[in-house]
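One-letter residues, chain by chain:
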Amino acid sequence: MKKILLSFALAFMTVLTVAAQSRTVTGKVTSVEEPDGIPGVNVRVKGTTLGTITDLDGSYSISVPEGSSVLTFSFVGFMTKEMAIGNSSQINVLLEADLKTLSEVVVVGYGTQERRDVTGSVTSINNEAIENLVAPSFDTQLAGRAPGVQVTVPSGIIGARPIIRIRGVNSLSGGADPLIVIDGVPVVDSDRSNSVSANPLSNINPADIESYEVLKDGSASAIYGSRAANGVILITTKRGQSGKAQVNYSMSTGFNEDVNRFDLLTGDQFVEIANEKRSNLNQSLLANPGVNTDWQDAVLRRGTTQQHNLSISGGSENTKYFFSAGFTDQESAIRSNDLKRYAFRSNIDHAISKRLRIGKSLSYTYTEIVGLNNGANSLSGAIYNATRALPNVPIYDPENTAFGGFNITPNGATTGFGANLAGPDNNIPNIVYVLENNIYRNRAHRVLGNAYAEVDIIDGLTARSQIGIDLTMSDDFTSLDARHGDGRSSNGSVTQRYNPVFRWNWQNTLNYQTVIGEDHNINLTAGVEYQYTNFYNFTAQGTDFSDEFFRYRNLISGSYNNQFSGGGFQEQGFDSYFGRLNYSFKGKYLLSLTVRNDGISQLATENRRGTFPGGSIGWRVSDEGFFNSDLISDFKVRASYAEVGNVSLPGGSFPYAGGFGPVLAAAGAGIGYSNVANVALQWETSKKFNVGMDMTVGNVTIAADYFYNNVDGLVLNAPTAPSLGVPGNTISQNVGALFNQGLELRLMTKVLQRGDFVWNTDFNFTWLNNEVTTLVQPLTGTYNRTVEGGPIAQLYGFKWAGVNPANGNAMYYSEDNIVQLQGASSWRAFDPNDPGNVDVAGTPPTQFFLGNTLPKYQGGWSNNFSYKNWDAEIFIRYSGGNYIMNESKRGLLGLGFSNNLSEIQNRWTESGQVTDIPRLYAGRDSNTWQTSAANSRFIERGDFVRVQNIVVGYRVPRTFIENTFNGNIRSARFFAQVQNPLIFTKYSGLDPESNAFGGQLNFGVDWNVAPIIRTWSMGLNVGF
């Protein structure tokens, strides 16, 4: 008993002694990005083993021994900071982001990896920079955010899918889009609408996304084998963290407007030009003075936009959750085009025990897109019509009650003539009436989800099974007015389509991690994956309606006289077996090896399986004993090589199979020979090589890569002799090859810090070269031509030589000679010493290669500023080295009875006049402007520098919030932003990124594309 009392007394005295020699220091750790506090920060007394970590709101309390002078604060992703203790009992700390270690753990295929150990080319994009931006889909905002990734939004139509290319175009006839993987599930990214542009990625709420990883080189993407030729984008959605429930609400509201419009003739100017076209041919005049109507103003508008997102997340050590709901409502800058999206998400992770965990991710979205006909040359195409309609006639005629007060001819055939003696060319309709009365709508219900279970079999060995689904139920409704426009010829038309797709994906993986002898770090992953996708569709159509009443809601039996139906079905499947080894010796010698074996249903049995290997090495030079630099703090070199494939082959689900198919002939439905078998057909293969380095010089972080991608086995239609009777006289074979090579550079640094002002910058640059090396024959379209030794889709056509100042004739090159157009179709030699001589016959113009349509360089530059509670971002994109065929301009300098660009007023009118617009002759477009191909007169450089986003935000001081709302509100930030405010370019069209075609072989053509949108918005983020 005495010993116990003595021990107690000694312990009590020890406590008193320690208390007398130490004191308690408290405080809070925050950052600009997390002003409410950073949980888990290590707080240590320098020179001792004493330490603690901050709690959920960033607060800490630590007992500091007498004589200690410094506290050290450290956390992944932030710069370590030391603070003098002095006599302070409270020390609050603001940590600064460490650009070197941001996103320290990155998502890779079927797992994660520490950033410092990555030997492949992987770029991470944090969603914080883009989640508040107003966009119909997240992919439209990835442009310029990562080197090597080109994202082009081709028009201002809401729902239009952006064109995404990672390190160039890697296929000629197959798919060239990257594989999109969301929470481990490869998703279907094909447009399921036939009525409108309906990007399937618009079904995903950007506010639910945590981060993006872009796998660019072969080593990083080889784990996806036959699907990785075009690169991989991995998307991780937000998940809950243990701790008190956090509720976040964000909203924004604003408006969309067109960035640019065409400078067209007014009504009075049109009368002069239209009559001159005819008087030069001694034809009767048609145009008379009337009104001055701006048809563009009637078609374009200021569209409102709003979005709301609410989330709740939190949990315990065993169960974590994230729930969200979102609503988006956007009106395009073009009338009748809008999008509404309702999104719901539920992510749950639960630890049943220390060794067993389960979880799921589930999202449901309902998206409705109302579109329009914007066909480049469609009579009811919105932009075509708005720019060609006669500006001296009115839009409305109040007395025309048969057409609701619109100016339309009594028979409904075309827009009313007004004071003119004729209507517009091609009987184009009154576009405002068409937009108000025709309906183009797509509705899509989409369920994306997965459920997983993982168990730690032994220490370091984890088994995981995950099954995911992607279900899209998409239906179209198209209704065309019977009285005027596209539906007039059929007395009204209603079409309904149902285009569902269902995919399930099942993955089973084993992962083993261990450290041997402290120096050898081994990470092994092995797995098997199965996938099945089912596409089907059916269509019902009715024409010749009994009454307008039946046209607006649904296809109603008995309301129409003619009925049509159709449908289709496809299915695809594969099974895969894969493995990966990541090895690190002392953290400075790095090795990664990957192999995958895929079997796909699109190929014949004998060629169905393929093996795709990949490997990479890395050397952290800065960890070597001989490396001693005060300037360079981190230096790693890496190299990789891999072979991957492309299974997005032309020809449907079974491109190799021969046989018969359905045909409809005069005798009725039957079966006909449709395809010749080619069991030798294989997937396209990409051999990817990459060398790169990551280095920190001072406070500048540098990442640089050189890549070379050799693509062979490209599937093309090889010609066959007509005598063989092969359908189409072609057969699909692996006969093409190309390569992409380029350089990538990324620089990140803190430019300036003066007191409370901080400026960080992130700059990236990509240079790219593309060349086709093997073809069976040139691939030629209206505007583009692809040949061996040149890049994909070069512009190909006629070379303009100017206007003959002596007589106003249009001139072109015929081989090396210049010829001039005399009359409607006769070509005469041009003699610069006797320009007025038209007596010598000349040969017609010949065609030339006129320019590359693929950008040679591109990139982005983000600048982030903070000052006390204020923050701002200016994000700039740039691109160049490519050429654009401005087909819109050629059409707007047309010689028919329709409106023109105002620059047509510079036309040739007298001898000796120097101009680039020839004398006007009605109806002579074909030869004057050589409309059958590209024309160098209308080819322009596509270089631009675009201010993509400007964002300004203000975080309400925490003390104000606490005092005002009694702790019920955790944080609040107000922001204002403008998207696409400025562009610097010499391109004369609406936008240098406008593109009428999305395929690889037809590209770089601006043809009546809807103007790109500028968005102004303001909003609020609130945390509870």
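Up top is the structure these notes are about.
Overview of the structure. Keep in mind that this is a model prediction, so the values were computed, not measured.

What counts, and at which threshold
- Residues numbered from 1 in each chain as written.
- Predicted model: local features only at pLDDT ≥ 70, side-chain atom pairs only at ≥ 80, totals over all residues.
- Heavy atoms only, no water.
- Phe/Tyr/Trp six-rings, centres within 6.5 Å; stacked < 30°, edge-to-face > 60°.
- Helix = DSSP H or I, 4+ residues; strand = E, 2+ residues; numbered from the N terminus.
- Buried < 20%, exposed > 50% of the residue type's maximum accessible area, 1.4 Å probe, protein only.
- Lys NZ or Arg CZ within 6 Å of the ring centre and 35° of its normal.
- Salt bridge = Lys/Arg side-chain N within 4 Å of Asp/Glu carboxyl O.
- Polar contact = N/O pair within 3.5 Å; in protein donor to acceptor, adjacent residues only side chain to side chain.
- Contact = heavy atoms within 4.5 Å.
- Patch = residues over 30% accessible without salt bridge, like charges linked within 9 Å, V, L, I, M, F, W, Y side chains within 5 Å.
- Areas by Shrake-Rupley, 256 points an atom, 1.4 Å probe, with all protein chains shown as cover.
- Pairing = 2+ DSSP bridges.
- Axes fitted to C-alpha atoms, helices over the stretch in contact; angles between N-to-C directions.
- Core = buried A, V, L, I, M, F, W, Y, C linked by side-chain atoms within 4.5 Å.

**Focus on the packing of aromatic side chains**
What characterises a pair of aromatic rings is the spacing of the ring centres plus the angle enclosed by the ring planes. Going through the model one piece at a time under the given rule, you end up with 32 aromatic pairs. Summarising the aromatic geometry, the rings of Y783 and W1007 are spaced 6.2 Å apart at their centres and angled 65° between planes, so their arrangement reads as edge-to-face. Of this pair, Y783 sits in the loop between β37 (779-780) and β38 (784-786) while W1007 sits in the loop between β52 (1005-1006) and β53 (1013-1023), and the two are 224 residues apart along the sequence. The burial state of Y783 is the same as that of W1007; both residues are buried. Ring plane angle 50° and centroid distance 4.7 Å describe the contact between W870 and Y954, whose orientation is recorded as tilted. Placement of the pair is W870 in strand β46 (residues 870-880) and Y954 in strand β50 (residues 944-955), with a sequence separation of 84 residues. Members of the aromatic cluster, connected to one another through ring pairs, are W800, Y812, W827, W929 and F938. Above the face of the Y452 ring, R464 is positioned so that its terminal group lies 4.2 Å from the ring centre. Sitting over the face of the ring of W800, R937 holds its NZ or CZ atom 5.9 Å from the ring centroid.

**What about the pattern of salt bridges?**
According to the stated counting rule, one finds 49 salt bridges in the structure shown. In this structure, the salt-bridge partner of E529 is R596, at a minimum N-O distance of 2.8 Å. On the criterion of sequence distance, the pair formed by E529 in strand β26 (residues 520-545) and R596 in strand β28 (residues 589-600) is long-range, its members being 67 residues apart. Residue classification places E529 among the buried positions, given a relative accessible area of 0%.

**Digging into the side chain of Q1000**
Residue position: Q1000 is located in the loop between β51 (971-985) and β52. A distance of 3.3 Å separates the side chain of Q1000 from the backbone oxygen of S171, its partner in a polar contact. Only 2.7 Å separates the side chain of Q1000 from the backbone oxygen of G174, close enough to count as a polar contact. In contact with Q1000, other than residues within four places in its own chain, are R165, V169, S171, L172, S173, G174, G175, A176, I792 and A793.

**Considerations on a nonpolar patch on the surface**
A contiguous nonpolar patch, built from V455, I457, I458, L510, Y512 and L524 and spanning about 480 Å² of accessible area, is present on the exposed surface. Of all elements in the fold, only β22 (439-458) and β25 (501-516) reach the threshold of two or more residues within the nonpolar patch. The dominant element in the nonpolar patch, judged by the number of residues it contributes, is β22, at three residues. In this fold, V455 is placed in strand β22. By relative accessible area, which is 32% here, V455 ends up partly exposed.

**Observations concerning the sheet that holds strand β43 (residues 826-829)**
Across a sheet, strands are paired by hydrogen bonds formed along the backbone, either parallel or antiparallel in direction. One open sheet accounts for four strands, arranged β40-β41-β42-β43; its pairing is antiparallel. The strands lining the two open edges of the sheet, one partner per strand, are β40 (800-803) and β43. Strand-to-strand twist of the sheet, defined as the mean angle between neighbouring strand axes without regard to direction, takes the value 35°. Pairing of strand β42 (residues 817-822) with β43, which is carried by four bridges, proceeds in the antiparallel orientation. Residue Q820 lies in a different strand from β43, and its bridge partner there is R828.

**Looking at the pairing of strand β15 (residues 209-215)**
Of all seven residues that make up β15, six are buried, and the element is covered over most of its length. Judged from the five bridges that link them, strand β10 (residues 122-126) and β15 form a sheet pairing that is antiparallel. Residue S124 lies in a different strand from β15, and its bridge partner there is E213. Of the strand pairs in this sheet, β15 and strand β16 (residues 232-237) are connected by six bridges, and their pairing is antiparallel. Along β16, the bridge assignment pairs S211 with T236.

**As for the pairing of strand β11 (residues 149-152)**
Each regular strand carries side chains that alternate between the two faces of the sheet. The alternating pattern of β11 places V149 and V151 on one face and Q150 and T152 on the opposite face, and all of these are buried. When β11 meets strand β12 (residues 163-166), the two strands line up antiparallel, connected through four bridges. Of the residues in β12, the one forming a bridge with V149 is I166.

**Things to note about the nonpolar core**
Counting residues in hydrophobic clusters, the biggest one holds 67 residues, and the most contacted among them are M885 and F897. With five residues, the single largest contributor to this core is helix α6 (residues 431-437). Apart from residues lying up to four places away in sequence, F897 is in contact with F270, A274, L286, A287, L390, N420, A422, G423, P424 and D425. The next biggest cluster of nonpolar side chains, apart from the first, holds 23 residues, and it includes I125, I182, I235 and L448.

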